[in-house]
Amino acid sequence: MKLKIGVIKGDGIGPEVVNEAMKVLDKVGVVYGHEFDYTQLLMGGASIDTYGVPLTDETIELAKNSDAVLLGSIGGDAKTSPWYKLEPSKRPEAGLLKIRKALNLFANLRPAVLYDELKGACPLKEEITEGGFDMMIMRELTGGLYFGERSTEEKNGVLTATDSLTYTEDEIRRIAKRGFDIAMKRRKKVTSVDKANVLDSSRLWRKVVEEVAKDYPEVTLEHMLVDNCAMQLVKNPRQFDVILTENMFGDILSDEASMMTGSIGMLASASLNETKFGMYEPSGGSAPDIAGKGIANPIATILSAAMMLRFSFDLDQEADAIENAVENVLKDGYRTIDIMSEGKVQIGTAEMGNKICSYITK
Ligand code: NAD
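Calculation criteria
Residues numbered from 1 in each chain as written. Predicted model: local features only at pLDDT ≥ 70, side-chain atom pairs only at ≥ 80, totals over all residues. Heavy atoms only, no water. UniProt positions renumbered as here; feature names shortened; annotations may be inferred. Domains from an automatic or database assignment. Contact = heavy atoms within 4.5 Å. Buried area = accessible area lost by both parts, 1.4 Å probe. Salt bridge = Lys/Arg side-chain N within 4 Å of Asp/Glu carboxyl O. Polar contact = N/O pair within 3.5 Å; in protein donor to acceptor, adjacent residues only side chain to side chain. Helix = DSSP H or I, 4+ residues; strand = E, 2+ residues; numbered from the N terminus. Near = heavy atom within 4 Å. Nonpolar A, V, L, I, M, F, W, Y, C, P; charged D, E, K, R; others polar.

As recorded in an unreviewed UniProt entry, the protein goes by the name 3-isopropylmalate dehydrogenase, listed as coming from Ruminococcus hominis. Quoted verbatim from the Subunit (unreviewed entry) heading of the UniProt record, the comment on the protein is "Homodimer." Per UniProt, the protein has the following entry under Sequence similarities (unreviewed entry): "Belongs to the isocitrate and isopropylmalate dehydrogenases family. LeuB type 1 subfamily."

*Asks:* Is there a simple way to think about the domain arrangement of the protein in this case?
*Replies:* Note on interface size: it is often stated as the accessible area lost on association of the parts. In terms of domain boundaries, the protein breaks down into domain 1 (1-108 + 264-362) and domain 2 (123-260). The C-alpha-based centres of domain 1 and domain 2 are spaced at 25 Å. The interface of domain 1 with domain 2 comprises 18 residues on the first partner and 13 residues on the second. Overall, the association of domain 1 and domain 2 removes approximately 1300 Å² of surface from exposure, summing both partners, and the carbon and sulfur fraction of that is 59%. Considering only the side of domain 1, the residues that lose the most area to domain 2 are Phe-106, Asn-108 and Phe-311, jointly responsible for 49% of the buried surface there. Taken together, the connections running from domain 1 to domain 2 amount to 3 salt bridges. The salt bridge partner of Glu-274 is Arg-174, with a shortest N-O separation of 3.7 Å. Taken together, the links from domain 1 to domain 2 amount to 7 residue pairs in polar contact (both at pLDDT 80 or more). Within the residue set of the side of domain 1 that touches domain 2, elements represented by two or more residues are strand S4 (107-114), strand S11 (268-272) and helix H10 (299-311).

*Asks:* Before we go on, may I ask you to explain the site of the ligand in this structure?
*Replies:* Taken together, 21 residues surround the ligand, and among them Ile-74, Gly-76, Glu-93, Gly-285 and Ala-287 come closest. One nitrogen or oxygen atom from the side chain of Tyr-84 is found 3.1 Å from an oxygen atom belonging to the ligand. Within the side chain of Glu-281, one N or O atom sits 3.2 Å away from a nitrogen atom of the ligand. Split by residue class, the shell around the ligand holds 9 nonpolar, 8 polar and 4 charged.

Here you go:
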């Protein structure tokens, strides 16, 4: 296959970790016979320095013309970087919000995987995490409470703030379909999380999810109230495969789940639109405190590239090869500083990329 990838290396550790992900993709290309054609794009601080704005219309067009986008991370140190003297709409983060909207990325995927080798980093008791866990949190990203109408006004002399939570059946249907499609590539279980005992929007969510489920007879669907889900995540995380939920619930649950996996340097993510197109990026930020030192963990970005192969290009075998390589490198005791523990071998960003490449096989 010949695939066009828009690459936004970004700021801070972004270029360092993206370089390693590209190295791993190129190795996959050699082993499996694919060609990855990269177009370098600027966003965030790097774009401000070159064009004066965090994202240009030209960059958006080039991103749209790619098959997928691989992003490092953007932003700098808010206290020292000149980018933060600009008004909020011109700062690096504004580029990220703008590109998500321009590309209509409504489905956010955050895998939470606890590798057996890193279970010491999980704050849960060992008997709960024995054998690790592997779940995918699928969060609706462009609707609900964060995009509803809001106001603060004085009513009868009392300041009153209102935020509205709205979902249309179409918005629910498109994310639900995505959730079931992804479950079909995994262990075929969807846990739909809502608050249907209280909220009308959740009752509609549940109804539409049940309708969509009829098209996926192989997938087991269960419904769970969000408060119960927050408890179940720490009580029995292994029960979950795909957690499908709305914007705010997903925001909170995905952070809870990610805390259970150890380092932010391990957490991949993807944001998808209605087609196969997606933007793939590590969950962490640009880590200005360690930028340029060659010590950042590139695994989150490398696993994001694996998600790109799986979800945008349907290259499941190649994605498996990357994920297995990461697991085997960890099994053999290699660690970047953020996941280092006694008796293991500490290596830097580029060495970690090289090691993972060397474990990629057919
Ligand atoms: P951060 O995630 O950049 O860093 C938090 C801590 O985690 C730091 O100690 C950092 O060294 C460590 N860390 C992060 N990624 C790591 C990796 N791959 N390997 C090893 N250690 C890693 O969060 P922050 O400090 O709050 O934010 C820094 C900048 O990143 C800010 O400008 C923020 O706006 C931006 N940011 C960008 C994104 C994005 O591009 N999607 C996301 C979050 C934050």
